[in-house]
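Coordinate analysis (summary)
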Amino acid sequence: MRAATQRDRGSAERPVDPGRFLTREADPEEPAAGRGAVDFPVAVVLPAGGSGERTGLSTPKQFCTFLTRPLISYTIQAFERVPWIERIVVVVAKESHSLMTDIVEKFNHAKVKIVHGGSTRHRSIFCGLQAFAETDESLLHKPKVVIIHDAVRPFVEEDFLHKITMAAKEQGASGAMRPLVSTVIATTSEGYLDHSLERAKYRASEMPQGFLYDIIYQAYQRCSESDFEFGTECLHLALHYCGTNAKLIEGPPTLWKVTYKRDLAAAEAVVKETLSQTACVMTEECAESLDLSHKLLKKLSAEDMLVDVIPNPKGVKGVSLTSNRNFIHISVNSSKLAQIAEMVMVLEETNHALLYPVVIVWVLLTVSEQSALSQRCEAASAIMDLARASEQKNILLYGVQINHSKVPEQWERSVTKLSQLAAALIRDRNPILTGQILQA
Ligand SMILES: Nc1ccn([C@@H]2O[C@H](COP(=O)(O)OP(=O)(O)OP(=O)(O)O)[C@@H](O)[C@H]2O)c(=O)n1
Ligand SMILES: O=P(O)(O)OC[C@@H](O)[C@@H](O)[C@@H](O)CO
C-alpha cells in the first residue's frame, strides 16, 4: 500500500495544464519561484458591459453559467487569487448591476468594485479607469499599474500576469500577443481580394494588457470620439495619445476570448479537464478494501490522474478534504452513510465546493454474500436523498456497487469497470447520475 501522501502520476509526462491556475492556490507569502515581489499597487479593470451578440444567446456571455458558475466569476477568481492584486473593478451595463452584485456576494469576490460601463468597450474601460481617479483615496486608491482584461477571458495565470505587470511598470504599457492562426487579407469594395499580409510579420493582440495608470488614463482623456466608438485596441491609444510603445509578450494559448457560443462549451471543457485530474481514495482497513484501493490507484494513475490513497478507519476526520476535489469513498458491507453525510457537512462548512463542484463516488464494496442485497437496498434509498441535498451544496454524489470475488479474473474485471466508472463520473460530472447506484 503506497503511503497516503505519495501521489501517483501517469506514465506519460503530463501535458501543460491549460487550467493549472484553477486549482493551484497562490501563496501570499512567497512570490512564485523565479520572479520578484510586486512592491507597488496593482489593480484590474474587467470590461464586462457587452451584450455578447455573437453568441446568439439572450444572456450576455459573461453571465452565462457552466459548472454552476457564471463565466465572469471564473475570470474574477483568476485575478482574486493573485495576492499582489489589490482591487478589481468590474464594468457592467447598468441593467446588469444587481445581477453582478448577486454574483459578487454568492461567490465571495471580496476584491471587486462594480461600476457602470458605456456603449462601447473603450467607453466601458474608461469608466473603469475613472473609478480610481474620482473616488475617495481611502476607498479605491490609484494603482501604479492597472491591468485591463476582457471579462470573457477566464484563463489567465499569475505567472503571465506578473510578466505583463512588470513590463508595464518598466515600459509604461505591455500586452499579450499570440501567433495568427489565419492569414490577414484586405478586400476590395466589390468583395475581392485586394492583398494579403505576410502572416509571419503579424501577431494577434490578446489580453491581459498592463499600463502605468497615469498613461492609460491620460490616453483615454485624450481619446477621440471615433476611437471611443470604433477602436478595439488599448495599446494603440497609449501609443497614439501618449507616445508609449507597449512591450509585447507572447502569451500561452489559454488567453483566448469567449466570443461565440461554442467558446462557452470549450471553457467548460477546460475547467472540467482541470478539475478531473486528481482523486482521493478513502479506504477501510480490511484486506479487500485495501486491495481494491491499491488496484484503483494503479488504474486511475494509468489514466493520468494524480491519486492519493487515505486509510480512513475513522471516517472523514482523517482526511484533508480541502486539498482534493474528487473523492472515492469505499464502504465495506454496510453503507456507512453517516461518513458520507459527514464529508458533505465538512465540505459545506469549509466552503470547499463554493467555486468548483466536488465529486464523491461512494463505492459499496460487498465482501460477504449475505450482506449484498441488504447493503444495496439500504444504500439505494439513502443515497438518493443525500445526493439531492448535496447537489444544493455543489457536491455531486454518485454510488457504485462492486462485489468482491475470490476469482482473480472476475475481481480484475469488476475493478476495471469500477475504475472506468469512477473516472467517467469525475470527468463528466453529470448531475443526472447523482444519487444513482451503478454496478461495476
Ligand atoms: N460596451 C461594451 C462592449 C464590450 N464590453 C466588454 O468587452 C469585452 C470584449 O468584448 P466582446 O468580446 O466584443 O464582447 P461583446 O461586445 O459583449 O460581444 P459582441 O461583440 O458579440 O456583442 C467583453 O468582456 C465585453 O463584455 C464592455 O465592457 N462594454
Ligand atoms: O473586438 P472585440 O470587442 O470582440 O474584442 C476585443 C479585442 O479586440 C481585444 O480584446 C484584443 O484584440 C486586445 O485589444
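These lines cover the structure that appears in this document, whether it is placed above or below. (Residues numbered from 1 in each chain as written. Chains lettered and ligands numbered in written order. Predicted model: local features only at pLDDT ≥ 70, side-chain atom pairs only at ≥ 80, totals over all residues. Heavy atoms only, no water.)

A look at the nonpolar core
What counts is decided by this rule: The set of buried Ala, Val, Leu, Ile, Met, Phe, Trp, Tyr and Cys residues whose side-chain atoms join them within 4.5 Å is what this entry labels a nonpolar core. The cut-offs for exposure are 20% and 50% of the maximum accessible area for each residue type, with area from a 1.4 Å probe on protein chains only; residues under the lower value are buried, those over the upper are exposed, and the others partly exposed. Note on definitions: a residue-residue contact is assigned when non-hydrogen atoms from the two residues lie within 4.5 Å.
Counting residues in hydrophobic clusters, the biggest one holds 81 residues, and the most contacted among them are I85, V90 and M100. Residue contacts for M100: discarding those within four places in its chain leaves F63, I72, I76, V90, V92 and I114.

Re helix α4 (residues 158-171)
Short version of the rule: For helices the rule is a DSSP run of H or I covering at least 4 residues; for strands it is a run of E covering at least 2, with both sets numbered from the N terminus onward. Any helix carries an expected span of 1.5 Å times its number of residues minus one.
When the terminal C-alpha atoms of α4 are compared, their 20 Å separation across 14 residues agrees well with the 20 Å that a helix rising 1.5 Å per residue should span. By the burial criterion, the buried members of α4 are E158, F160, L161, H162, I164, T165, A167 and A168. Buried residues along α4 sit against β1 (42-48), α1 (71-80), β6 (145-148), β7 (173-179), β10 (203-212) and β11 (247-250). Just downstream of α4 lies G172, where phi reads positive at about 100°.

Quick word on the sheet that holds strand β17 (residues 437-439)
Where we set the bar: Two strands are said to pair when DSSP picks up at least two bridges between them. Lines fitted to C-alpha atoms define the axes here, with helix axes fitted over just the stretch in contact, and angles between the N-to-C directions of these axes take values from 0 to 180 degrees.
Strands sit in the order β13-β12-β14-β15-β16-β17 across an open sheet of six strands; the sheet is parallel. Of all the strands in the sheet, the pair left with one neighbour each is β13 (306-311) and β17. Geometrically, the sheet is characterised by an average inter-axis angle of 25° between neighbouring strands, direction not taken into account. Where strand β12 (residues 278-283) and strand β14 (residues 326-332) come together, three bridges link them in parallel fashion. Counterpart to V281 in the pairing with β14 is I328. Sitting on the sheet, helix α10 (residues 337-349) touches β12, β14, β15 (358-366) and β16 (395-403), and the angle it makes with β15 is about 170°.

Concerning the site of ligand 2
Inclusion rule: Residues are labelled near a given molecule or strand when at least one of their non-hydrogen atoms is within 4 Å of it. The definition of a polar contact used here is a pair of N or O atoms within 3.5 Å, where within protein one atom must be able to donate a hydrogen and the other to accept one, and adjacent residues in sequence count solely through side-chain atom pairs. For the area figures, the Shrake-Rupley method with a 1.4 Å probe applies, and any residue is considered shielded solely by the protein chains shown. Within this scheme a cavity is a closed region of a 1 Å grid, computed over the protein atoms alone, that accommodates a 1.4 Å probe without allowing it to escape, whereas a pocket is open but has protein on both sides within 12 Å along at least five of seven lines; lining residues each have an atom within 4 Å of a point. The way we define it, a molecule is inside a pocket or cavity when more than half of its atoms are within 2 Å of that pocket's grid points. Amino acids are sorted into nonpolar (Ala, Val, Leu, Ile, Met, Phe, Trp, Tyr, Cys and Pro), charged (Asp, Glu, Lys and Arg) and polar (every other residue, Gly among them).
Around ligand 2, the neighbouring residues are R54, R121, D150, R153, S205, E206, M207, Q209, T232, E233 and K257. A distance of 3.2 Å separates an oxygen atom of ligand 2 from a polar atom in the side chain of R121. Burial of ligand 2 by the surrounding chains reaches 77%, relative to a free accessible area of 360 Å². Judged by the proximity of its atoms to the pocket grid, ligand 2 belongs to the second largest pocket. For the shell around ligand 2, the element with the most residues is β10, which contributes four residues. Grouping the constituent residues of the shell around ligand 2 by class yields one nonpolar, three polar and seven charged.

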